[in-house]
Amino acid sequence: MRTVTLKNGKTLPALGMGTWNIGDSQSRRGEEIASLQAGIEAGMTVIDTAEMYGSGRSESLVGEAIADLRDDVYLVSKVTPSNASYDGVQKHCRASLRRLGTDRLDLYLLHWRGGVPLSETVRGMEQLRDDGLILDWGVSNFDTDDMEELDGITDACIANQVLYNLEYRGTEFDLLNEDRERGVMTMAYSPLGQGGDLLSHPAMKDVAKGHETSAGPATTAQIALAWVLRQKNVMAIPKAGSSKHLRENVLATEIELTPEDLATLDRAFAPPRRKTHLAMI
Ligand code: NAP
């Protein structure tokens, strides 16, 4: 498994698991839990969730899946901006911990910029860390100007979770490198383009034809993940609701894209030539 290294020296697998829209359907519950457990078994030990996902249902399902595996997992959750006051993060972090059935989060993220002054949210995060409820904290959907503002307050942020896939590569112009220089890990969300048009694009099919994994011919989902993972110190957090997708995604780490593959993908999905505002879903 490829790895990323945090500025605190901790090393994590570069492929983790997302959980948006998980826990919403009673009939899929068993399969979703099995998929997360298979992922942990396969070494994808980073699990990303948020209090907002299904109004806590994603966290509850993750809690059930990791009940006997907590120490094997690097657990990430997020606070919704309207709850990110000093008192709010104390209360909402504890509520997330209850749903997740654990006494600590490995990483707690501010989901996106809201109306609460950043310095107040940072104070709340630092208090949670001092109290041992979280081991580290970070942000999500922070563009270059937000990160510069944060630089003026603290250097304790360890991760920025942003939209990054072939269809949304604006961050390559500035944010990815700037965060790398800060020692802030990028967590790439929606790396499969949410399973949409990206996976049926002719250029993706073309590149997939040239690759094999230990389980057979490569798929376009594996190419999408290999493309994100080519970036140093970037983690991808695809969501897989089935063990079949999960197994396929793990094998993406076997694929090394060639310069010719990258040129094909650049022609189909142009790299950014100027600053664009950070896209978010
Ligand atoms: P994604 O991971 O790009 O795509 C998930 C979709 O792809 C699902 O429909 C899934 O279907 C499908 N899929 C998974 N593996 C596949 C495979 N091998 N072949 C074909 N289809 C496959 O999208 P995402 O869920 O938006 O993003 C991933 C995670 O990032 C989220 O779950 C969440 O944890 C996080 N996120 C964070 C933010 C933020 O603001 N911070 C925003 C969006 C997402 P099945 O479920 O049927 O497997």
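As a starting point, this report considers the structure included with it. (Residues numbered from 1 in each chain as written. Predicted model: local features only at pLDDT ≥ 70, side-chain atom pairs only at ≥ 80, totals over all residues. Heavy atoms only, no water.)

## Here's the deal with the site of the ligand
Part 1 of the reasoning: Taken together, 29 residues form the shell around the ligand, and within it D48, L192, K239, G241 and H245 come nearest.
Part 2 of the reasoning: Between H111 and the ligand, the recorded distance is 3.4 Å, taken from a side-chain N or O atom to an oxygen atom.
Part 3 of the reasoning: Taking P191, its main chain carries an N or O atom lying 3.4 Å from an oxygen atom of the ligand.
Part 4 of the reasoning: The fraction of the free accessible surface of the ligand (910 Å²) that becomes covered by protein chains is 88%.
Part 5 of the reasoning: With respect to the detected pockets, the ligand is housed in the largest pocket.
Part 6 of the reasoning: Looking at the shell around the ligand, the element that brings in the most residues is helix α9 (residues 243–250), giving 3 residues.
Part 7 of the reasoning: Partitioning the shell around the ligand into residue classes produces 10 nonpolar, 14 polar and 5 charged. (Near = heavy atom within 4 Å. Polar contact = N/O pair within 3.5 Å; in protein donor to acceptor, adjacent residues only side chain to side chain. Areas by Shrake-Rupley, 256 points an atom, 1.4 Å probe, with all protein chains shown as cover. 1 Å grid on protein atoms, 1.4 Å probe; cavity = no way out; pocket = protein on both sides within 12 Å on 5 of 7 lines; lining within 4 Å. Sits in = over half its atoms within 2 Å of the grid points. Helix = DSSP H or I, 4+ residues; strand = E, 2+ residues; numbered from the N terminus. Nonpolar A, V, L, I, M, F, W, Y, C, P; charged D, E, K, R; others polar.)

## A short note on the packing of aromatic side chains
Part 1 of the reasoning: Evaluation of the coordinates by the stated rule reveals 2 aromatic pairs.
Part 2 of the reasoning: On the basis of an interplanar angle of 25 degrees and a centroid distance of 5.8 Å, the ring pair of W20 and Y53 is categorised as stacked. Taken as a pair, W20 in the loop between β3 (17–18) and α1 (29–41) and Y53 in the loop between β4 (46–48) and α2 (57–65) lie far apart in primary sequence, 33 residues in all.
Part 3 of the reasoning: Judged by relative accessible area, which is 8%, Y53 ranks as buried.
Part 4 of the reasoning: With 5.1 Å between their ring centres and 35 degrees between their planes, Y164 and W227 make a pair best called tilted. Of this pair, Y164 sits in the loop between β8 (159–163) and α6 (175–182) while W227 sits in helix α8 (residues 220–229); the two residues are 63 residues apart in sequence, bridging distant segments of the chain.
Part 5 of the reasoning: Between R230 and the ring centre of W227, over which it is positioned, the NZ or CZ distance is 4.0 Å. (Phe/Tyr/Trp six-rings, centres within 6.5 Å; stacked < 30°, edge-to-face > 60°. Buried < 20%, exposed > 50% of the residue type's maximum accessible area, 1.4 Å probe, protein only. Lys NZ or Arg CZ within 6 Å of the ring centre and 35° of its normal.)

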